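This is what each chain is made of:
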Amino acid sequence: MIAEDLLVSYGADARYYQSGDTIFREGETAVFYYQIGSGQVKLNNYTEDGKEFIQNIFSDGHSIGESLLFVDRPYPMNAVAMEDCRILRLSKSGFLNMIRENPEISLNVYQCMAERMYYKYIMLYNLSFQNPVLKLKQLMDYLKSYYEDKSPYSFQIPLTRQQLASLTGLRVETVIRAIKNMEKDQIVKIERRKIFY
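In this text the structure is predicted, and so the values were computed from the model without any measurement.

The helix and strand inventory of the protein chain stands at six helices and ten strands. Radius of gyration (C-alpha) of the protein chain: 18 Å, near the 16 Å computed for a compact globule of 197 residues. Overall, the C-alpha framework of the protein chain stretches about 55 × 40 × 30 Å when taken along its three principal axes. Residues counted as buried form 44% of the 197 residues belonging to the protein chain.

So, about the packing of aromatic side chains. Counted by the stated rule, this structure contains ten aromatic pairs. Relative to Y34, the ring of F24 lies with its centre 5.7 Å away and its plane at 40°, an arrangement referred to as tilted. Within this pair, whereas F24 is found in strand β2 (residues 22–24), its partner Y34 is found in strand β3 (residues 32–38), the two being separated by ten residues in sequence. The pair F24 / Y34 is uniform in exposure class, with both members buried. Aromatic side chains Y118 and Y142 sit 6.2 Å apart centroid to centroid with 40° between the ring planes, which places their arrangement in the tilted category. Residue Y118 is located in helix α3 (residues 103–126), and its partner Y142 is located in helix α4 (residues 132–144); the two are separated by 24 residues in the primary sequence.

Turning our eyes to something else, we now look at the sheet that holds strand β8 (residues 85–91). With antiparallel pairing, four strands are arranged side by side in an open sheet as β1-β8-β3-β6. The sheet is open, and its two borders are formed by β1 (13–17) and β6 (63–64), each paired with just one other strand. Bridge analysis of β3 against β6 gives two bridges, and the strand direction is antiparallel. In the strand pairing of β6, Y34 is matched with I64. Contacts from helix α2 (residues 92–101) reach β3 and β8, with the element oriented near 80° to β8.

Regular strands show a simple pattern: their side chains alternate between the two faces of the sheet. Most of β3 sits inside the fold, with five of its seven residues counted as buried. Two strands pair when backbone bridges link them, and β3 and β8 are joined in this way by six bridges, in the antiparallel orientation. Looking at the pairing, Y34 lines up with R89 of β8.

Glancing now at the sheet that holds strand β4 (residues 40–46). The antiparallel open sheet is built from four strands, whose spatial order is β2-β7-β4-β5. This sheet does not close on itself; its edge strands, each paired only once, are β2 and β5 (52–59). Between one strand and the next, the sheet's axes are offset by a mean angle of 30°, whatever the strand orientation. Relative to β5, β4 runs antiparallel, the two sharing seven bridges. Pairing of N44 across the sheet is with I54, part of β5.

About the cut-offs
- Residues numbered from 1 in each chain as written.
- Predicted model: local features only at pLDDT ≥ 70, side-chain atom pairs only at ≥ 80, totals over all residues.
- Heavy atoms only, no water.
- Helix = DSSP H or I, 4+ residues; strand = E, 2+ residues; numbered from the N terminus.
- Rg over C-alpha atoms; globule rule 2.2 N^0.38 Å.
- Buried < 20%, exposed > 50% of the residue type's maximum accessible area, 1.4 Å probe, protein only.
- Phe/Tyr/Trp six-rings, centres within 6.5 Å; stacked < 30°, edge-to-face > 60°.
- Pairing = 2+ DSSP bridges.
- Contact = heavy atoms within 4.5 Å.
- Axes fitted to C-alpha atoms, helices over the stretch in contact; angles between N-to-C directions.

Below you can see the structure in the form of structure tokens.
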């Protein structure tokens, strides 16, 4: 999203996280801008009975939690490394100075936040569906919308069945059954356990 050399010029430093490490926790105050240099990070919450709900998954070049730098509110979610990660971390004051002094960067940040709001609207609407196939299809439509090739089975879903369950609020067993039904109905194709949509 933002060139690494520009971030470094405003004081960013690289932090390294191993798979499973927490980058920030629900309830903490946002004091840094985080941008993923390499690796994959999930934003999640846990229900009172310990079930994980994944809000989103981000990878190289994405930022996480930046919208909280504009309001004085605590994080409503956790950020957890899903694999070994290198993350650039810039102080809140450095980030705000950078976007003040580089208006084109602020436009990029606003576009990114608008895209994430769009995703949240889709996923909020998704919660109203009772049919698990519809829930999964809507998520797959959203993921595939970023790729030019719209032909059937041209897009490999980059998520595990557990991640699909955690993103849609379904049980993993339900996701497995729904995907099998989607395969029978020729909505998806399964090759070596990979889902193609």
